[in-house]
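Each chain, letter by letter, is given below.
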Amino acid sequence: MARALIHMPATAKRGEVIEIRALIGHPMETGYRVGADGKLLARDIIRSFVCRYNGEQIFGAELHQAISANPYIAFFTQVTESGTLEFKWDGDNGFTHTETMTLTVSAT
Amino acid sequence: MKRLLLGCLLIAGVVQAADERRSGAEFMSPATQAMQRDDAQNPAMLWTAAGEAQWNAVAGSSAKSCASCHGDARTSMRGVAARYPALDAGSGQVVNLGQRINICRERKQQAAPWKLESEELLGMEAYVAMQSRGMPVTPPQDAATQAAAARGKQQYFQRIGQLNLSCAQCHDQQWGKRLAGSTIPQAHASAYPTYRLEWQGMGSLQRRLRNCMSGVRAEVPHFGAKELVELEAWLALRDQGMKMETPGVRP
């Protein structure tokens, strides 16, 4: 079961720049390590992270082997209108996880 | 003027002598300190979130959740972790927080106990311990716990392993110096279970103790061993009055 935590304000003013923090639990196994039996452990990493704001992509990242377990990604965006933000992580072995957050925008 | 200066010096002296104990967090880099301080950055929050879900989830043939008996953990578990290890009256044994949780699972929920050091147990332990964050460590004063702590103290000063080192030789006598790339802390345990960057995951105090033991090439007791719990009891006594930091982050 994937576990993810998103931290961002629930409300903001139009035009304001907000910080969004996304943390997900994932082993990020590099594929370079050997197990106790001397065999390579299969690679198991998150390959991409995408954030969409009302359907429009506002942030994306490609992840590779050098990223530590439980990746933490923080970024900023300018607030335009009320709506939902969708966060999506995709990875090896069909890993996929989506979180959605709502943002309420006040006019001033 | 002279008297005032003397007074100031005396006060400074008293303050310094009052407590030389420093949490392991003070030896960390500012980035790692920020990670522990800020819940939005602390990866241990993934485990506490899972612990919170478990708290409210029904388990075992009793069909009870932790919340069915204990209610809201934020009030009922406040200060509990600061009192462990403690005597379990049922078995007459001194147990740590993880073992106590498993006792509850077995006796009250009639569920299978969680494997020691499993993600589930670490999550629940961290969630319960987090409710005591900022509170002083207050080890129980009963005879059994005190006796366990006394045996733990003996172990703390006992040289072990091929390197023939005791805990005290590094953590009491050499703290602040470097052991290879890392600073030797004072071995205060009030931040456990901890997210350790080296482990890339959560670990209990026993995992940390076993790490040190294998580091000095000593025989390592199994998880949940009496020796480890006694050592934990001694560390709790040694940390008395220090603030709980769980869930901590360590390098």
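In this numbering scheme, every chain counts its residues from 1 along its sequence in written order. Think of it this way: whatever chain is written first is A, whatever ligand is written first is 1, and the rest follow in order. A pLDDT threshold of at least 70 governs which residues receive local features in this predicted model, and a stricter bar of 80 or more applies before side-chain atom pairs are shown or counted, although totals over entire chains, interfaces and linings include all residues. Derived side-chain values reflect all non-hydrogen atoms in the structure, with water molecules and hydrogen atoms excluded from consideration.

(A) Looking closely at the overall build of chain B. A count of helices and strands for chain B gives eleven helices and seven strands. Taken against the 2.2 N^0.38 rule, which gives 18 Å for 251 residues, the C-alpha radius of gyration of chain B at 19 Å falls within 12% of a compact globule. Principal axes of the C-alpha set define a box for chain B whose edges measure 70 × 45 × 40 Å. For chain B, the proportion of its 251 residues judged to be buried stands at 46%. Whether two residues are in contact is decided by their heavy atoms: any pair within 4.5 Å suffices. Of the contacts made within chain B by residues no fewer than 6 positions apart, 66% connect residues no fewer than 24 positions apart. Taken as a whole, chain B presents about 12700 Å² of accessible surface, with 55% of it coming from carbon and sulfur. In this description a helix means any DSSP run of H or I spanning at least four residues, a strand means any run of E spanning at least two, and both kinds are numbered starting from the N terminus. Both definitions apply: the radius of gyration is a C-alpha atom measure, and the globule rule equals 2.2 Å times residues to the power 0.38. Only protein chains enter the accessibility calculation, which uses a 1.4 Å probe; a residue is then buried when its area is under 20% of its type maximum, exposed when over 50%, and partly exposed in between. Using the Shrake-Rupley algorithm and a 1.4 Å probe, accessible areas are obtained, with residue cover drawn only from the displayed protein chains.

(B) Region of interest: the packing of aromatic side chains. Residues and elements named next belong to chain A. Planes of paired rings set the category: under 30 degrees apart is stacked, over 60 is edge-to-face and the rest tilted, where pairs are Phe, Tyr or Trp rings (Trp by its six-membered ring) whose centres lie within 6.5 Å. Tallied over the full model, the rule gives ten aromatic pairs over all chains. Ring plane angle 5° and centroid distance 4.1 Å describe the contact between F59 and F75, whose orientation is recorded as stacked. Highlighted residues: F59 in strand β5 (residues 56-62) and F75 in strand β6 (residues 72-78), separated in sequence by 16 residues. What links up through ring pairs into an aromatic cluster is the set F49, F59, F75, F87 and W89.

(C) Seen up close, the interface of chain A and chain B. Of the residues lining the interface, twelve residues belong to chain A; the matching set on chain B comes to 14 residues. Here chain A meets chain B over a buried area of about 1000 Å², counting both sides, of which 59% is carbon and sulfur. Here the quantity called buried area is the total loss of accessible area, with a 1.4 Å probe, experienced by two parts when brought into contact, counted for both. The largest per-residue losses of area from chain A upon contact with chain B belong to R3, L23 and N70 of chain A, which jointly make up 45% of the total buried on that side. Salt bridges are identified by distance alone: a Lys or Arg side-chain nitrogen within 4 Å of an Asp or Glu carboxyl oxygen. Summed over the shared surface of chain A and chain B, the result is one salt bridge. Close ionic contact of R21 of chain A with D38 of chain B constitutes a salt bridge, the shortest N to O distance being 2.5 Å. A 3.5 Å cut-off defines polar contacts: any pair of N or O atoms within that distance qualifies, except that in protein one atom must be a possible hydrogen donor and the other a possible acceptor, and neighbouring residues in sequence count only when both atoms are side-chain atoms. Summed over the shared surface of chain A and chain B, the number is three residue pairs in polar contact (both at pLDDT 80 or more). Of all the elements in the fold, those that place two or more residues in the side of chain A that touches chain B are β1 (4-7) and β3 (17-24) of chain A.

(D) Layout of the pairing of β5 of chain A. All names here are of chain A. When DSSP finds two or more bridges between a pair of strands, those strands are recorded as paired. Taken together, the six bridges between strand β4 (residues 46-53) and β5 define a ladder with antiparallel strand orientation. Across the sheet, F49 pairs through a bridge with A61, a residue of β5. Linkage of β4 to β5, two consecutive antiparallel strands, is achieved through a turn of two residues, within which N54 is found at a positive phi near 50°.

(E) Focus on the nonpolar core. Residue types Ala, Val, Leu, Ile, Met, Phe, Trp, Tyr and Cys, when buried and joined through side-chain atoms within 4.5 Å, form a set referred to as a nonpolar core. Judged by nonpolar contacts, the single largest core of 33 residues is most densely connected at W55, L97, I101, M124, V128 and M202 of chain B. Put simply, the parts of the chain that give this core at least two residues each are α3 (45-55), α6 (97-107) and α7 (119-130) of chain B. If you tally residues by element for this core, the top one is α7 of chain B, at eight residues. Residue contacts for W55 of chain B: discarding those within four places in its chain leaves S65, C66, A67, H70, G71, A73, S76, M77, M124, Y127 and V128 of chain B. Ranked by size, the runner-up nonpolar core spans 24 residues in total, among them A4, I18, Y53 and W89 of chain A.

(F) Highlighting the environment of D239 of chain B. All names here are of chain B. As for its placement among the helices and strands, D239 is situated in the loop between α11 (226-238) and β7 (248-250). Among the polar contacts made by the side chain of D239, one reaches the side chain of H188 at a distance of 2.8 Å. Looking at D239, its side chain comes within polar contact range of the main-chain nitrogen of A189, at 2.7 Å.

(G) Fine view of the packing of helix α10 (residues 205-215) of chain B against α11 of chain B. All names here are of chain B. The N-to-C vectors of α10 and α11 enclose an angle of 105°; their axes lie 10 Å apart at closest approach. Here α10 is positioned roughly perpendicular relative to α11, judged by the angle of their axes. Contacts from L205, Q206, L209, R210 and M213 of α10 reach α11 at L228, V229, L231, E232 and L235. As a rule, the C-alpha atoms of each element are fitted with a line to give its axis, helices using only the stretch in contact, and angles between N-to-C directions run from 0 to 180 degrees. Orientation labels follow simple angle bins: below 35 degrees gives roughly parallel, above 145 gives roughly antiparallel, 65 to 115 gives roughly perpendicular, and whatever is left gives oblique.

(H) Highlighting the sheet that holds strand β6 (residues 201-203) of chain B. Residue and element names in this part refer to chain B. Pairing in this open sheet of three strands is mixed, and the strands run β6-β5-β7 from one edge to the other. Each edge of the open sheet carries a strand with a single partner, namely β6 and β7. Taken over all neighbouring pairs, the strand axes of this sheet differ in orientation by 35° on average, direction set aside. As paired strands, strand β5 (residues 194-196) and β6 are joined by three bridges and run antiparallel to one another. From the neighbouring strand, T194 faces β6, where its bridge partner is G203.

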